[in-house]
Amino acid sequence: QVHLVESGGGLVQAGGSLRLSCAASDRAFRSYAMGWFRQPPGKEREFVAVIGWNDGSTSYTHTVKGRFTISVDNAKNTVYLQLNSLKPEDTAVYYCAADTMGRGNYRTQGGYDYWGQGTQVTVSS
């Protein structure tokens, strides 16, 4: 069983920055891809970004492209999400997820088999 632990959330003013981290508990952990999703208050969980574990290829939802950056540190089994130029509409619980099966459906929740517990990001106007 792999545990993913997010950290780095908090309260920030609009225009500010945060860096979220997601650490995998198992040193033998290997995934095909790591994704970030978010769930705004009263809304469904939505895709934010994904990174290929080995080749570092990335993809973002259009609402965060140019403001958020996903990266991975293979040695630390940790994936990061740098959030810049934050807006109030970025307020959400942010979740990281791992695809260890190579499903390839990176923009959907069903494409991942392990999830973290979530970290709250609140952006004030």
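Attention in this report is confined to the structure presented alongside it. These numbers were taken from a predicted model, which means no experiment stands behind them.

About the thresholds
- Sequence order as written defines the numbering, with residues in each chain counted from 1.
- For a predicted model such as this one, the threshold for reporting local features is a pLDDT of at least 70, and the threshold for listing and counting side-chain atom pairs is 80 or more; totals across whole chains, interfaces and linings nevertheless cover every residue.
- Note that the side-chain values use all heavy atoms of the structure and ignore hydrogens as well as water.
- When DSSP finds two or more bridges between two strands, those strands count as paired.
- The helix and strand labels rest on DSSP assignments: H or I over at least four residues marks a helix, E over at least two residues marks a strand, and numbering proceeds from the N terminus.
- In this analysis an axis means a line fitted to C-alpha atoms, helices contributing only their contacting stretch, and an angle means the value between N-to-C directions, from 0 to 180 degrees.
- Note on exposure labels: buried denotes an accessible area under 20% of the residue type's maximum, exposed denotes more than 50%, and partly exposed covers the range between, all computed with a 1.4 Å probe on protein chains only.
- We call a pair of cysteine sulfur atoms a disulfide when they lie within 2.5 Å.
- What we call a nonpolar core is a set of buried Ala, Val, Leu, Ile, Met, Phe, Trp, Tyr and Cys residues that are connected through their side-chain atoms within 4.5 Å.

**With respect to the sheet that holds strand β3 (residues 18-24)**
Piece 1. Taken in spatial order, the four strands make up an open sheet running β1-β3-β8-β7, and their pairing is antiparallel. A single partner strand is all that each edge strand has here, and the edge strands are β1 (4-7) and β7 (68-73). Taking the axes of each pair of neighbouring strands and ignoring which way they run, one obtains an average angle of 15° across the sheet.
Piece 2. Sheet analysis places β7 next to strand β8 (residues 78-83), joined by six bridges and oriented antiparallel. Bridge pairing in β8 links isoleucine 70 to leucine 81.

**Examining unusual backbone geometry**
Piece 1. The backbone phi angle of asparagine 77 is positive, close to 50°, even though this residue is not glycine.
Piece 2. Positionally, asparagine 77 belongs in the loop between β7 and β8.
Piece 3. Residue asparagine 77 is classed as buried on the basis of its relative accessible area, which comes to 7%.
Piece 4. Phi is positive for serine 85, which is not a glycine, with a value near 50°.
Piece 5. Locating serine 85 in the fold gives a position in the loop between β8 and β9 (92-99).

**Side note on the state of the cysteines**
Piece 1. Counted by the stated rule, this structure contains one disulfide.
Piece 2. Here cysteine 22 is linked by a disulfide to cysteine 96, with a sulfur-sulfur distance of 2.0 Å. What sets the handedness of the cysteine 22 and cysteine 96 disulfide is the S-S torsion sign, and at about 55° it is right-handed. Taken together, the residues cysteine 22 in strand β3 and cysteine 96 in strand β9 connect sequence positions 74 residues apart.

**Let's talk about the nonpolar core**
Piece 1. Judged by nonpolar contacts, the single largest core of 27 residues is most densely connected at Trp36, Leu81 and Tyr94.
Piece 2. If you look at the next biggest cluster of nonpolar residues, it comprises six residues, including Ala33, Phe47, Ala97 and Tyr112.

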